[in-house]
Amino acid sequence: MKKKSVLAVAAIIATTIIWGANFVILQIASGAGVPAGAMVTIRFGLAALAVGLIFRKRLKKFTGKELFQGTLAGFFMIAAFYLQTLGAEYTSAANNGFITQLNAVLVPFAAWIMTGKRPRWNVYPALLMCVCGVFAVTYWEAGASFGPGDILTAACAVFFGLHMAYLGKIAGTMDYMKLVFLQLASSFVFTVPIFLARDMWLLGGVDWAKGLPAVLYLAIMATLVCYLLQTWAIRYVNSGTTAILTASEGVWCGIFSVLFGFNSFSWGYVVGGLLIFLSAAVGEWKPGMFRKKGKNVSDKLESD
């Protein structure tokens, strides 16, 4: 394997670990009293500002079509992140992380709705495995149940699936960095009214000494750094490897949630995490997928 490929795999693993820790950080911010609307507004506002400054030479001109596509993609993305953040207020970090992984097997079905392209046969057993994995995570221990936070997180997984399917539909129609910026910027714009109407009055009760570092982590590490790492890395790693590596996000979430004391160890996390991880592998499998570099969504979107 070439040096860049090795570094790219390392970058994808690093991104997955950062995103896995994301769910614990959400719990920390939520525990500090930072409302969901404030969290996503600060997170995407700072990330959009940073991308705009760093890549300003590539962001000088936008066509009407680019603005529409980037804004619609941003709507799907922020709906997913907002529901995920809101769900974190009512469920555990582990449940929030594991249930979010449903999105991996929902993408082909969302693409079916948008493009009319029927999913491959192996997507159906993958979906069943993923649902069984979520069931194991949420129902393994006595008294566990699928509560309001879990429902919100499941809805977030649906929007993540729609987001990725839409990116696949518009793949190759615009510069990737323009798309990243428009998604972040429109996400910020969409969250401002929610923040003003629902959350602005709650800021007085926030423990900012505890909550601000968590929100800054979400903005800088889990959004800006991860997007930039992923954008570079996916050009050197095939789609099969990328899908399977990123499917371990829920597993890392379970590890961090136990290590930081947000959840106690449960064999449900082990069994559920393994099923969810394997469901991504089954859903992405196709003959020869590891023998040549594939074209995943972001490969197509990269214009460099």
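Parameters and conventions
- Residues numbered from 1 in each chain as written.
- Predicted model: local features only at pLDDT ≥ 70, side-chain atom pairs only at ≥ 80, totals over all residues.
- Heavy atoms only, no water.
- Helix = DSSP H or I, 4+ residues; strand = E, 2+ residues; numbered from the N terminus.
- Contact = heavy atoms within 4.5 Å.
- Areas by Shrake-Rupley, 256 points an atom, 1.4 Å probe, with all protein chains shown as cover.
- Buried < 20%, exposed > 50% of the residue type's maximum accessible area, 1.4 Å probe, protein only.
- 1 Å grid on protein atoms, 1.4 Å probe; cavity = no way out; pocket = protein on both sides within 12 Å on 5 of 7 lines; lining within 4 Å.
- Points joined across faces, edges and corners; volume = space filled by probe spheres on them.
- pLDDT = per-residue confidence, 0-100.
- Axes fitted to C-alpha atoms, helices over the stretch in contact; angles between N-to-C directions.
- Parallel < 35°, antiparallel > 145°, perpendicular 65-115°, else oblique.
- Left-handed = near helix turned anticlockwise from the far one by under 90°.
- Nonpolar A, V, L, I, M, F, W, Y, C, P; charged D, E, K, R; others polar.
- Patch = residues over 30% accessible without salt bridge, like charges linked within 9 Å, V, L, I, M, F, W, Y side chains within 5 Å.
- Salt bridge = Lys/Arg side-chain N within 4 Å of Asp/Glu carboxyl O.
- Lys, Arg positive; Asp, Glu negative; His and termini not counted.
- Charge placed at Lys NZ, Arg CZ, Asp CG, Glu CD.
- Phe/Tyr/Trp six-rings, centres within 6.5 Å; stacked < 30°, edge-to-face > 60°.
- Lys NZ or Arg CZ within 6 Å of the ring centre and 35° of its normal.
- Core = buried A, V, L, I, M, F, W, Y, C linked by side-chain atoms within 4.5 Å.

**Student:** How do you make sense of the overall build of the protein when you look at a structure like this?
**Tutor:** In terms of regular secondary structure, the protein is built from 13 helices and zero strands. Of the regular secondary structure in the protein, the N- to C-terminal order runs α-α-α-α-α-α-α-α-α-α-α-α-α. Considering only residue pairs separated by 6 or more positions, the protein has 89% of its internal contacts joining residues 24 or more positions apart. Taken as a whole, the protein presents about 13,800 Å² of accessible surface, with 71% of it coming from carbon and sulfur.

**Student:** Help me understand the side chain of N22, please; the structure alone is not making it clear to me.
**Tutor:** Following the sequence through the fold, N22 ends up in helix α1 (residues 3-31). N22 gets classed as buried once you look at its relative accessible area, which sits at 3%. What N22 contacts, discounting residues up to four positions off in sequence, is R43, Q84, Y217, L218 and A222.

**Student:** When you look at the side chain of Q183 in this model, what are you seeing that I'm missing?
**Tutor:** With respect to the helices and strands, Q183 occurs in helix α8 (residues 176-199). Q183 gets classed as buried once you look at its relative accessible area, which sits at 4%. Once residues within four sequence positions are removed from consideration, Q183 is found in contact with G70, A73, G74, M77, H163 and L167.

**Student:** I would appreciate a short explanation of the layout of surface pockets in the present structure.
**Tutor:** Empty space among the atoms becomes apparent when a probe as large as a water molecule is rolled across them. Of the voids in this model, the second largest pocket is the one considered here, and its volume is about 160 Å³. Around the second largest pocket, the lining residues are F98, V251, G254, I255, V258, F265, Y269, V270, G273 and L274. Only α11 (249-259) and α12 (267-284) provide two or more residues apiece to the lining of the second largest pocket.

**Student:** What is the right way to read the confidence of the model for the protein from this model?
**Tutor:** Low pLDDT marks regions whose predicted coordinates should not be analysed in detail. Averaged over all residues, the pLDDT of the protein is 80; the fraction at 70 or higher stands at 84%. Long-range and interchain partners of residues 292-304, a stretch whose pLDDT sits below 50, account for 42 contacts in this model, where long-range means more than four residues apart.

**Student:** Explain the packing of helix α2 (residues 36-54) against helix α3 (residues 64-87) here, please?
**Tutor:** To describe two helices that pack against each other, one gives the angle between their axes and the distance between the axes. At their nearest, the axes of α2 and α3 sit 9 Å apart, and the two run at 135 degrees to each other. Classified by the angle between their axes, α2 and α3 sit oblique to one another. Every pair of crossing elements has a handedness; the one defined by α2 and α3 is right-handed. Two secondary-structure elements touch here, α2 through A36, G37, M39, V40, R43 and F44 and α3 through M77, I78, F81, Y82, T85 and L86. Of the residues that constitute the contact of α2 with α3, the class distribution is nine nonpolar, two polar and one charged.

**Student:** Quick question: what am I supposed to make of a positive patch on the surface here?
**Tutor:** Positive charge collects at one region of the surface, where R56, K57, K60 and K61 lie side by side. Relative to the elements of secondary structure, K61 occurs in the loop between α2 and α3. Classification of K61 as exposed rests on a relative accessible area of 69%.

**Student:** Got a minute to help me understand the packing of α3 against helix α7 (residues 148-169) in this structure?
**Tutor:** Direction vectors running N to C along α3 and α7 enclose 160 degrees, while the axes themselves pass 7 Å from each other. As judged from the angle between their axes, α3 and α7 are roughly antiparallel. Along this stretch, α3 crosses α7, giving a crossing that reads as left-handed.

**Student:** Explain the packing of aromatic side chains to me, please; I cannot follow it from the model alone.
**Tutor:** The description of two aromatic rings rests on the distance between their centres and on the angle between their planes. Here the structure, examined in full by the defined rule, presents eight aromatic pairs. Taking the centre distance of 5.2 Å and the plane angle of 65 degrees together, the rings of F44 and F81 count as edge-to-face. Taken together, the residues F44 in helix α2 and F81 in helix α3 connect sequence positions 37 residues apart. Both residues of the pair, F44 and F81, belong to the buried class. Pairwise contacts between aromatic rings join F75, F76, F159, Y166 and F190 into one cluster. One Lys or Arg, K178, reaches over the ring of F62 and ends 5.4 Å from the middle of that ring.

**Student:** What's the story with the nonpolar core in this structure? I'm lost.
**Tutor:** In summary, soluble globular proteins display a tendency toward joint burial of nonpolar side chains. Among the nonpolar cores identified, the biggest contains 36 residues, and F44, V51, M77, F81, L179, L184 and Y227 are the most heavily contacted of them. When contributions to this core are tallied by element, the ones reaching two or more residues are α2, α3, α7, α8 and α9 (208-233). With nine residues, the single largest contributor to this core is α3. If you look at the next biggest cluster of nonpolar residues, it comprises 22 residues, including I18, V24, V215 and A222.

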